[in-house]
Amino acid sequence: MITETVSAPSRPSAGVARRKHDDGSRPGGKRPGGNRLSREGGFASAFTVNALLVLGCAYMVLPVLWLFFAATKDTADLYGTPAYSLGRFAFVENIAAVIGQDGGIFFRWMGNSVLYAGFGAVLGGLVSVMAGYAFDKFQFRGKKAWFGFVLLGVLIPNTATVLPMYLLASVFGITNTVWAILIPVLCNPFGVYLARVYSSSYVPDETLEAARVDGAGPVRSFFSLGLPMMMPGFITIALFQFVGVWNNFMLPLVMLQDQQLLPVSVGISIWQGYSVPQPEFSPMVITASLLSVIPLLIAFIMLQRFWKSGLTAGSVK
Amino acid sequence: MKRRHLLLSAASLLTSAALLSGCGTGPATTPSAPSGEASGTITFWSSLAGMDKVAEKFNASQDKIKVKFETIPNGGNGGYAKLSTAITAGNGPDVSTIEYAQLPQFVSNGQVQPLDGFIDKANTVDKVSEQIRGLVQFDGKSHGLPYDAAPMVMWYRKDLLDKAGATVPKTWEEFEAAGKKLKAVSPKSYLASFYPNEPTLTAALSWQAGAKWFSTEGDSWKLGLRDEATRKVSAFWQRMIDNKIVKVEQAFSDEWSADLANGTLAGVLGANWSATGIQKRTEASGQKGKWIAAEAPNWGTPAGAFYGGSSFNVTKSSKNPTAAAKFIEFLATSPEAVAARGNTGSAYLAYPGLTKEAQKAFDAGYFGNDIYAVFDKAYATILPGWQWGPNWDVTNTALKDSFGALTTGGKIGDALDSSSDATLSGFKQNGLSVKE
Amino acid sequence: MARKTSTMSGTGGRTAALFLFPFFAVFAVAMIAPVVYSLVLSFYAQQKSGLGFGGAKTSFVGLENYVQVFQSETFTGGLGRLALYCLIYIPCMVGGAVVFALLLDATVARARKLFQLLVFLPHAVPGVIAALIWAYLYTPGVSPLVQALQSGGIQLNFLDAHLVLPSIVNIAVWEWTGYNVIILFTALQAVPREILEAARVDGAGEIRAALSIKFPLILPALSVIILFTVIGTLQLFTEPSIISKATASVTSTWVPNLWAYDAAFNRHNLNQAAAASIIIALLAAGLSLAVTRFSSRMNKA
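Residues numbered from 1 in each chain as written. Chains lettered and ligands numbered in written order. Predicted model: local features only at pLDDT ≥ 70, side-chain atom pairs only at ≥ 80, totals over all residues. Heavy atoms only, no water.

Undergrad: For this particular structure, what's the right way to read the overall build of chain C?
TA: When its secondary structure is counted, chain C shows 13 helices and two strands. Here the C-alpha atoms of chain C give a radius of gyration of 25 Å, more than 25% beyond the 19 Å that 2.2 N^0.38 yields for 301 residues. Within chain C, contacts between residues separated by at least 24 positions form 66% of all contacts whose residues are at least 6 apart in sequence. For chain C, the exposed area adds up to about 11,700 Å²; of that, 65% sits on carbon and sulfur atoms. (Helix = DSSP H or I, 4+ residues; strand = E, 2+ residues; numbered from the N terminus. Rg over C-alpha atoms; globule rule 2.2 N^0.38 Å. Contact = heavy atoms within 4.5 Å. Areas by Shrake-Rupley, 256 points an atom, 1.4 Å probe, with all protein chains shown as cover.)

Undergrad: Sorry if this is basic, but what is going on with the packing of helix α7 (residues 164-189) of chain C against helix α10 (residues 219-234) of chain C here?
TA: Helix packing for two helices is described by the angle between their axes and how far apart those axes are. Residue and element names in this part refer to chain C. In the contact formed by α7 and α10, the axes pass within 9 Å of each other and the chain directions differ by 160°. Here α10 runs roughly antiparallel to α7, going by the angle between their axes. As α7 runs across α10, the sense of the crossing is right-handed. The residues of α10 that touch α7, namely those facing Asn180, Ile183, Leu184 and Ala187, are Ala221, Leu222 and Ile225. In the contact of α7 with α10, the residues fall into six nonpolar, one polar and no charged. (Axes fitted to C-alpha atoms, helices over the stretch in contact; angles between N-to-C directions. Parallel < 35°, antiparallel > 145°, perpendicular 65-115°, else oblique. Left-handed = near helix turned anticlockwise from the far one by under 90°. Nonpolar A, V, L, I, M, F, W, Y, C, P; charged D, E, K, R; others polar.)

Undergrad: Help me out: how do you make sense of helix α9 (residues 189-202) of chain A in this one?
TA: What sets the pattern is the α-helix's 3.6 residues per turn: residues three or four places apart point alike. Under the 1.5 Å per step criterion, the end-to-end length of α9 of chain A is 20 Å for 14 residues, consistent within 8% with the ideal 20 Å. Buried residues of α9 of chain A: Pro189, Gly191, Val192, Tyr193, Leu194, Ala195, Tyr198 and Ser199 of chain A, and no others. (Expected span 1.5 Å × (residues − 1). Buried < 20%, exposed > 50% of the residue type's maximum accessible area, 1.4 Å probe, protein only.)

Undergrad: Before we go on, may I ask you to explain the side chain of Ser277 of chain C in this structure?
TA: Summarising the element assignment, Ser277 of chain C is placed in helix α13 (residues 270-300). In this structure Ser277 of chain C comes out as buried when scored by relative accessible area, which is 3%. Setting aside residues up to four positions removed in sequence, Ser277 of chain C forms contacts with Ala160, Leu163 and Pro164 of chain A together with Ala260 of chain C.

Undergrad: Could you clarify how one ought to interpret the interface of chain C and chain A in this entry?
TA: Interfaces are frequently sized by the accessible area removed from exposure as the parts join. At the junction of the two partners, chain C supplies 107 residues and chain A supplies 113 residues. Taken together, both faces of the contact between chain C and chain A bury some 10,200 Å²; the carbon and sulfur share is 78%. When the buried surface of chain C facing chain A is broken down by residue, Phe19, Phe23 and Tyr136 of chain C rank first, second and third, together holding 8% of it. Summed over the shared surface of chain C and chain A, the result is zero salt bridges. Linking chain C to chain A there are six residue pairs in polar contact (both at pLDDT 80 or more). The greatest single-element share of the side of chain C that touches chain A, amounting to 21 residues, is contributed by helix α1 (residues 13-41) of chain C. (Buried area = accessible area lost by both parts, 1.4 Å probe. Salt bridge = Lys/Arg side-chain N within 4 Å of Asp/Glu carboxyl O. Polar contact = N/O pair within 3.5 Å; in protein donor to acceptor, adjacent residues only side chain to side chain.)

Undergrad: Looking at this structure, I do not really get the pattern of salt bridges. What am I missing?
TA: Pairs can form between side chains of opposite charge once their charged atoms are near each other. Enumeration according to the criterion identifies 17 salt bridges over all chains in this entry. Asp205 of chain A is the partner of Lys137 of chain A in a salt bridge, and the nearest nitrogen-oxygen pair spans 2.9 Å. Of this pair, Lys137 of chain A sits in helix α5 (residues 105-137) while Asp205 of chain A sits in helix α10 (residues 205-213), placing them 68 residues apart in sequence. On the accessibility criterion, Lys137 of chain A (7% relative accessible area) is buried. A residue is classified by how much of its surface remains accessible, and Asp205 of chain A, at 41% relative accessible area, is partly exposed. Lys180 of chain B is the partner of Glu176 of chain B in a salt bridge, and the nearest nitrogen-oxygen pair spans 3.7 Å. Within this pair, Glu176 of chain B and its partner Lys180 of chain B are both found in helix α7 (residues 172-185), separated by four residues, close to a single helical turn.

Undergrad: Sorry if this is basic, but what is going on with the sheet that holds strand β10 (residues 220-223) of chain B here?
TA: All names here are of chain B. Pairing is mixed in the open sheet, where three strands are placed in the order β9-β10-β15. Unpaired on one side and paired on the other, β9 (214-217) and β15 (434-435) mark the two borders of the sheet. Against the sheet, helix α17 (residues 412-429) touches β9, β10 and β15, its axis set at about 170° to β10. (Pairing = 2+ DSSP bridges.)

Undergrad: Help me understand the nonpolar core, please; the structure alone is not making it clear to me.
TA: Side chains of nonpolar character tend, in soluble globular proteins, to be buried together. Trp66, Phe135, Met255 and Trp271 of chain A together with Leu184 of chain C are the most contacted members of the largest nonpolar core, which has 202 residues in total. With 17 residues, the single largest contributor to this core is helix α3 (residues 73-105) of chain C. Grouped together as the second largest cluster of nonpolar side chains are 135 residues, Val153, Ile241, Phe330 and Tyr348 of chain B included. (Core = buried A, V, L, I, M, F, W, Y, C linked by side-chain atoms within 4.5 Å.)

Undergrad: What is the right way to look at the sheet that holds strand β7 (residues 152-157) of chain B in this model?
TA: The pairing of strands in a sheet happens through backbone hydrogen bonds and is either parallel or antiparallel. Residues and elements named next belong to chain B. Overall, antiparallel pairing links the three strands, which are arranged β12-β7-β13 in an open sheet. Because the sheet does not close on itself, it has two edges, and the strands there are β12 (267-271) and β13 (291-295). The sheet shows a mean angle of 30° between the axes of neighbouring strands, direction not considered. One ladder, built from five bridges, connects β7 with β12; its direction is antiparallel. Across the sheet, Met154 pairs through a bridge with Leu269, a residue of β12.

Undergrad: Would you explain unusual backbone geometry in this entry?
TA: Peptide bonds are, in most cases, trans, and in most cases residues other than glycine have a negative phi. Positive phi outside glycine occurs at Asn176 of chain A, with the angle close to 65°. Judged by relative accessible area, Asn176 of chain A falls into the buried class, the value being 13%.

Undergrad: Would you mind showing me how to read the interface of chain C and chain B here?
TA: Every contact between the two is made by 40 residues of chain C and, on the other side, 40 residues of chain B. When chain C packs against chain B, close to 3,400 Å² is buried across both sides, 60% of that on carbon and sulfur atoms. It is Lys48, Leu51 and Phe53 of chain C that lose the most area in chain C upon contact with chain B, and together they represent 23% of the buried surface on that side. Scanning the region where chain C abuts chain B turns up 10 residue pairs in polar contact (both at pLDDT 80 or more). Listed by contribution, the elements that provide at least two residues to the side of chain C that touches chain B are α1, β1 (44-47), α12 (256-265) and α13 of chain C. Considering each element in turn, the side of chain C that touches chain B owes the most residues, nine residues, to α1 of chain C. Residue composition of the side of chain C that touches chain B, grouped by class: 17 nonpolar, 19 polar and four charged.

Undergrad: I would appreciate a short explanation of a nonpolar patch on the surface in the present structure.
TA: Residues and elements named next belong to chain A. On the surface, a nonpolar cluster with roughly 460 Å² of combined accessible area is contributed by Leu65, Phe68, Ile294, Ile298 and Met302. Secondary structure elements with two or more residues in the nonpolar patch: α2 (43-70) and α15 (281-302). Looking at which element gives the most residues to the nonpolar patch, the answer is α15, with three residues. Examined against the element boundaries, Ile294 turns out to sit in helix α15. Of the residues examined, Ile294 reaches a relative accessible area of 31% and is grouped as partly exposed. (Patch = residues over 30% accessible without salt bridge, like charges linked within 9 Å, V, L, I, M, F, W, Y side chains within 5 Å.)

Undergrad: Help me out: how do you make sense of the packing of aromatic side chains in this one?
TA: Counting across every chain of the model gives 80 aromatic pairs over all chains. Taken together, a centroid distance of 5.4 Å and an interplanar angle of 85° make the contact between Tyr366 of chain B and Phe367 of chain B edge-to-face. For Tyr366 of chain B, a relative accessible area of 5% translates into the label buried. A residue is classified by how much of its surface remains accessible, and Phe367 of chain B, at 6% relative accessible area, is buried. An angle of 75° between the planes, with centres 6.1 Å apart, marks the rings of Trp134 of chain C and Trp174 of chain C as edge-to-face. Of this pair, Trp134 of chain C sits in helix α5 (residues 127-138) while Trp174 of chain C is found in helix α7, placing the two residues 40 residues apart along the sequence. Residue Trp134 of chain C is classed as buried on the basis of its relative accessible area of 3%. Here Lys82 of chain B stacks its cationic end above the ring of Trp45 of chain B, 5.4 Å away from the centre of that ring. It is Arg267 of chain C that lies over the ring of Trp259 of chain C; its NZ or CZ is 5.0 Å from the centre. (Phe/Tyr/Trp six-rings, centres within 6.5 Å; stacked < 30°, edge-to-face > 60°. Lys NZ or Arg CZ within 6 Å of the ring centre and 35° of its normal.)

Undergrad: Mind showing me how you'd approach the environment of Ala364 of chain B here?
TA: All names here are of chain B. Relative to the helices and strands, Ala364 is located in the loop between α14 (354-361) and α15 (371-380). Of the residues examined, Ala364 reaches a relative accessible area of 26% and is grouped as partly exposed. For Ala364 and Glu70, which are 294 residues apart along the polypeptide, the C-alpha to C-alpha distance reads 29 Å.

Undergrad: What am I meant to see in the packing of helix α6 (residues 143-155) of chain A against α9 of chain A here?
TA: Residue and element names in this part refer to chain A. Relative orientation of the contacting elements α6 and α9 amounts to 130°, with a least axis distance of 7 Å. When the interaxial angle is binned, α6 and α9 end up oblique. Contacts from Lys143, Phe147, Val150, Leu151, Gly153 and Val154 of α6 reach α9 at Pro189, Phe190, Val192, Tyr193 and Arg196. Residues of the contact of α6 with α9, tallied by class, amount to eight nonpolar, one polar and two charged.

Undergrad: Looking at this structure, I do not really get helix α10 (residues 254-261) of chain B. What am I missing?
TA: Residue and element names in this part refer to chain B. Those residues of α10 not exposed but buried are Trp256, Ser257, Asp259 and Leu260. Buried positions in α10, seen along its axis, are confined to an arc of 160° and lie on one side of it. On the buried face of α10, the contacting elements are β8 (192-194), β11 (246-248), β12, α11 (274-282) and β13. Phi for Gly263, located one or two positions after α10, is positive at around 80°. (Arc of directions from axis to C-beta.)

Undergrad: Is there a simple way to think about the environment of Thr423 of chain B in this case?
TA: Residue and element names in this part refer to chain B. Residue position: Thr423 is located in helix α17. Judged by relative accessible area, which is 0%, Thr423 ranks as buried. In sequence terms Thr423 and Thr397 are 26 residues apart; their C-alpha atoms lie 9.9 Å from each other. If sequence neighbours within four positions are ignored, Thr423 has contacts with Phe214, Leu223, Leu225, Asn391, Val394 and Thr395.

Here it is, written out as structure tokens:
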């Protein structure tokens, strides 16, 4: 039927063709390949639509696929053999090199990433959810103004505050410590916004009212009723925060100098720097990239529905 | 209501803290008074190869001072930014490795301690040549012990020159002639490369021509990035690039490595330390014995310049400068340190007598002539009087950035112009008096 | 004190304070305080004297740092470059996302779930890794792309001064299109099927339906996407950082964030870096407000 198989060597140029296609495209949709669609959706149109989808997905997937192949090569093969081939399967050697470098610092970096991202996800998530819940369920003076602050936080780009944070942190002497990362990652204004949306859709006011009638205090109600009911929302917020912190590059780059404290993204970029004068680092950079991406890929495939829910909740104003 | 109050008072508290603490350069660490006994644990950062072995040797040879070594990226990859940030934050190393071009900047920012009082001056600093001493002494004090003396040296593929019927150039005129001969027999080849990412080499070329990019007149600086000698150099190299005798490519890049390996490049403008890099990149393609070292071409009278070279220093972060100074003396003046480093390259060292030791450790059999004899000759002709300014990074970055346009129509002269402007405003922004 | 009579006790100001305190405390420390401190820093400068080897004095200089930042050709050049970046990036990425979402939504599309998963895949790759992968994919000698083009006779250097900007745009397009496809596709799926049926009965082809019915209905989602994309563009730092190690065409001050980083860590001018950060933050806030106002006006139309 419709071919969905991706024949590797010709795809890259097809990917280029698609990119050229997109240059200067106007929002509003382009003709998906000249065709006259009949009401029944003839073979031609179905083929075109799906072919284009396949092309688009090929563009998305092939670079990641390249990573898999490249990680199996050593320095000579990297520059010598064609990209989507296996060369002299040096995968194990590469992994050994990555693990062994600098006494296993790669694992330290992964551990740091998990620590920073996990801390931000769980604790930061809780902080955001509590605030969002309060904005949804409680009445108080100036609620609109306070929420305005939250929105302001959403609108100011992350990186604009990194250097100011560094400058302030150096006054207190906490640069190059874990706190330089752990404190900022707790701050997630977008999470507060999302939490408010989730709170209103997942936690009915009547349930809380009933609990109050039964004598439960607001904190009790939150932890025993509100939060459990919002759990899917909490997981989504935590997931987004986890990924956001894991991906954060500028903050750890600026705050941390001690190699032992770096998250994996910054660590790999340092190896990339070494690979310019010492090309032996290139296979390690590639293999380390692959190893650091795999956990995220797995998590993301398993937790798809939370991603989707978060994205859509965020766009429903 | 209460919270708003809290936020406002927190903000004003922080503001006053900021004003009181000055400009937030971190809690200042005052160096401890020199103690009689040099002992303790000190940290040592370097990007030079083999330093881990030197630290091990030092630790093994005595038990009062323990050195903890950490490798850091080299300058081009953020090594100096990392060092400077760490020192400012108060957790820098005791001993650092800083190249001569960057040293004045670190001194000017108060990040390196003067060594007088901690070192045996007569037996260390005073023994190196005056030119080199000038590179580490500021304000009348020594701020580092010089390690290498890196004369600019030219490397050629002798076989390719022979094939083209060219002799090893002694002057830049002969260099141009040799380049034309080379193009005649193999149009795709180049006699050398111009590196957009190595402004220090452009500085060395200007130095060799008699330029003085930075000089002092009393209490004021004088800039010379647009002086006659520099203009002569820039015009020459622009002509070389335009006539395709010289290729614009980044030093140490994959492109450069590939060009060396496949014989597109017949020459490398570098220094004594270029030997290992050339060997690593060309031995797999059977070029053993084909590369020779030669004195860099000159403008009529033999003249040379330094291209690179590092010093060892005690940073402001050090709480144990006595022990740090002892280690630096070992690093920079003892033959055991050189021997311990092993075969990491063709080092040419500042302290008298050490170069012989370095020569022993290095296997120069790959090359077609006696490269150390060439280094000696190059070293003997270094033009005196060159100084580095107190903010080389501004010039370095500006040059690197403008050289980035060389492959798409930019010109060296324009790059020097805009960098001179950037350097001038950098000086003024720091409140220094400067003229051109 | 116009307190609404709350039907529930324990839902008023004091309890709210309890729940809101952790967030706003962190917010104050991580966002407000740094910005205030930077603002203060930006009004001072370090002045050296003589040859510069003595100490430096801190003095109040008013708006001098801001003047210097705006006078810096590299900073204003970086801003211009960001504008150019947006001009290329937003149509490409948004256009691509819209087309892809419409294609997914087409009745004849198959394997929707698989396509959704695949198109979203790049988003699971951290920005640093994405930039690294593409840096290799742009390097001659390693890249299958360059090889394929060369065999077709086209010599393209994706990393030279002319192409490096579109090349970096491409990385961002690769990273973000899928993300926005999912948003738009979900919005599209929410379009009531009856309307589409009615249009089909009236004889509208698939494309007509897409253009005149689906597209207007997803405009709200689209405006949110554009808003966040614009904000995101001002954040540009990671990709140029990584690519700058592979080519001389990306200078150390290529975008404003890099300029501020260079000022702080290479030139040790923390005051100027603070001024630059404030300028970037103000620009971001201003731009966001402008985009929000523009899109709400468009939505009302």
